[in-house]
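Fold and geometry: a report
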Amino acid sequence: MAQFVEFVTNNLILCLIWVGLLGAIVLGWFKSRFSAVKQVNPQQLTHLVNRENGLVVDIRALKDFNQGHIAGSVHLAAEKAKQGEFVGLEKSKNDPIILVCVSGMTAQSIANGLVKAGYEQVNVLSGGITSWQNANLPLTTGK
């Protein structure tokens with residue numbers, strides 16, 4: 001025990017950094033565990049669409065959406081979604097909604113807005129469209 005105390009006193013900054021990192025990891029775990037927004041992988045997305053009437057909402061730029069998107073997905077401009085305009089999603093308020101962006105980061109803030117607007121089952125594709133492509137799953141250019 002004396003060696004531990006000596007180490008901590010000699011390396012106080014290093015120990016504080018480790019405590020901070022550990023706290024951030026635990027906080028992140030709790031946040032994701034109890035969040036109303038769930039992260040899903042490409043296989044879970046497919047299950048939600050095929051078995052639970054899930055709706056895929058692509059929030060990438062319209063140009064990117066037109067170049068290739070998940071079959072059956074609808075486009076929603078990220079700028080409008082950030083302002084709380086969820087036009088076209090009203091019918092799916094009780095169904096699973098899966099948000100897709102490029103990497104999964106932009107979709108998280110919009111997903112929080114959907115939850116605040118009363119949408120019950122909001123999901124984000126973890127890793128975004130990149131994870132879909134990395135899983136060698138198809139994209140379509142038609143509606």
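Structure's up top.
Note that the structure is predicted; figures quoted are calculated from it, not measured.

1. Digging into the pattern of salt bridges
In total, this model carries 1 salt bridge according to the counting rule given. We note a salt bridge from Arg60 to Asp58, for which the minimum N-O separation is 2.9 Å. Across the pair, exposure class does not vary: Arg60 and Asp58 are buried alike.

2. What about the packing of helix H1 (residues 2-10) against helix H2 (residues 12-33)?
Direction vectors running N to C along H1 and H2 enclose 95°, while the axes themselves pass 5 Å from each other. With respect to H2, the axis of H1 lies roughly perpendicular. Judged by residue contacts, Phe7, Val8, Thr9 and Asn10 of H1 engage Leu12, Leu14 and Cys15 from H2.

3. Examining the sheet that holds strand S2 (residues 55-58)
Backbone hydrogen bonds are what pair the strands of a sheet, in a parallel or an antiparallel way. With parallel pairing, the 5 strands of this open sheet are ordered in space as S1-S5-S4-S2-S3. Strands with a single pairing partner mark the edges of an open sheet, and in this sheet they are strand S1 (37-40) and strand S3 (74-75). As paired elements, S2 and S3 share 2 bridges and run parallel to each other. Bridge assignment links Asp58 to a residue of S3, and that residue is His75. Along the sheet, helix H3 (residues 42-52) makes contact with S1, S2, strand S4 (96-100) and strand S5 (121-125), crossing S4 at roughly 140°.

4. A closer look at the packing of aromatic side chains
If you walk through the whole model with that rule in mind, you get 2 aromatic pairs. Note on Trp29 and Phe30: the rings are 4.9 Å apart at their centroids and 80° apart in plane angle, and the pair reads as edge-to-face. Overall, the relative accessible area of 48% leaves Trp29 in the partly exposed class. With 5.9 Å between their ring centres and 75° between their planes, Phe86 and Tyr119 make a pair best called edge-to-face. Taken as a pair, Phe86 in the loop between helix H5 (78-82) and S4 and Tyr119 in the loop between helix H6 (105-116) and S5 lie far apart in primary sequence, 33 residues in all. Here Phe86 and Tyr119 have matching classes, each one buried. Of note, Lys93 hangs over the ring of Tyr119, and the distance from its end group to the ring centre comes to 5.1 Å.

5. Describing the pairing of S4
Counted residue by residue, S4 has 5 buried out of 5 residues, so it is predominantly covered. Every second residue of S4 is oriented toward a common face, with Pro96, Ile98 and Val100 on one face and Ile97 and Leu99 on the other, all of them buried. One ladder, built from 4 bridges, connects S2 with S4; its direction is parallel. Of the residues in S4, the one forming a bridge with Asp58 is Val100.

6. Some points on the nonpolar core
Counting residues in each nonpolar core, the largest one holds 19 residues, and the members touching the most others are Val57, Ile59, Phe86, Leu89, Leu99 and Leu114. Taken together, the elements giving at least two residues each to this core come down to S2, H5, S4, H6 and S5. Residue contributions to this core peak at 4 residues, all from H6. Once residues lying within four places of it in the same chain are set aside, the contact partners of Leu89 are Leu55, Val57, Val74, Leu76, Leu114 and Tyr119. Counting residues in hydrophobic clusters, the runner-up holds 10 residues, among them Leu45, Ile98, Val100 and Trp132.

7. Details of the side chain of Ser131
Residue placement: Ser131 occurs in helix H7 (residues 128-134). From its side chain, Ser131 meets the backbone oxygen of Gly128 in a polar contact 2.8 Å long. Not counting the four nearest positions on each side in its chain, Ser131 is found in contact with Pro42, Leu125 and Ser126.

The rules behind these values
- Residues numbered from 1 in each chain as written.
- Predicted model: local features only at pLDDT ≥ 70, side-chain atom pairs only at ≥ 80, totals over all residues.
- Heavy atoms only, no water.
- Salt bridge = Lys/Arg side-chain N within 4 Å of Asp/Glu carboxyl O.
- Buried < 20%, exposed > 50% of the residue type's maximum accessible area, 1.4 Å probe, protein only.
- Axes fitted to C-alpha atoms, helices over the stretch in contact; angles between N-to-C directions.
- Helix = DSSP H or I, 4+ residues; strand = E, 2+ residues; numbered from the N terminus.
- Parallel < 35°, antiparallel > 145°, perpendicular 65-115°, else oblique.
- Contact = heavy atoms within 4.5 Å.
- Pairing = 2+ DSSP bridges.
- Phe/Tyr/Trp six-rings, centres within 6.5 Å; stacked < 30°, edge-to-face > 60°.
- Lys NZ or Arg CZ within 6 Å of the ring centre and 35° of its normal.
- Core = buried A, V, L, I, M, F, W, Y, C linked by side-chain atoms within 4.5 Å.
- Polar contact = N/O pair within 3.5 Å; in protein donor to acceptor, adjacent residues only side chain to side chain.

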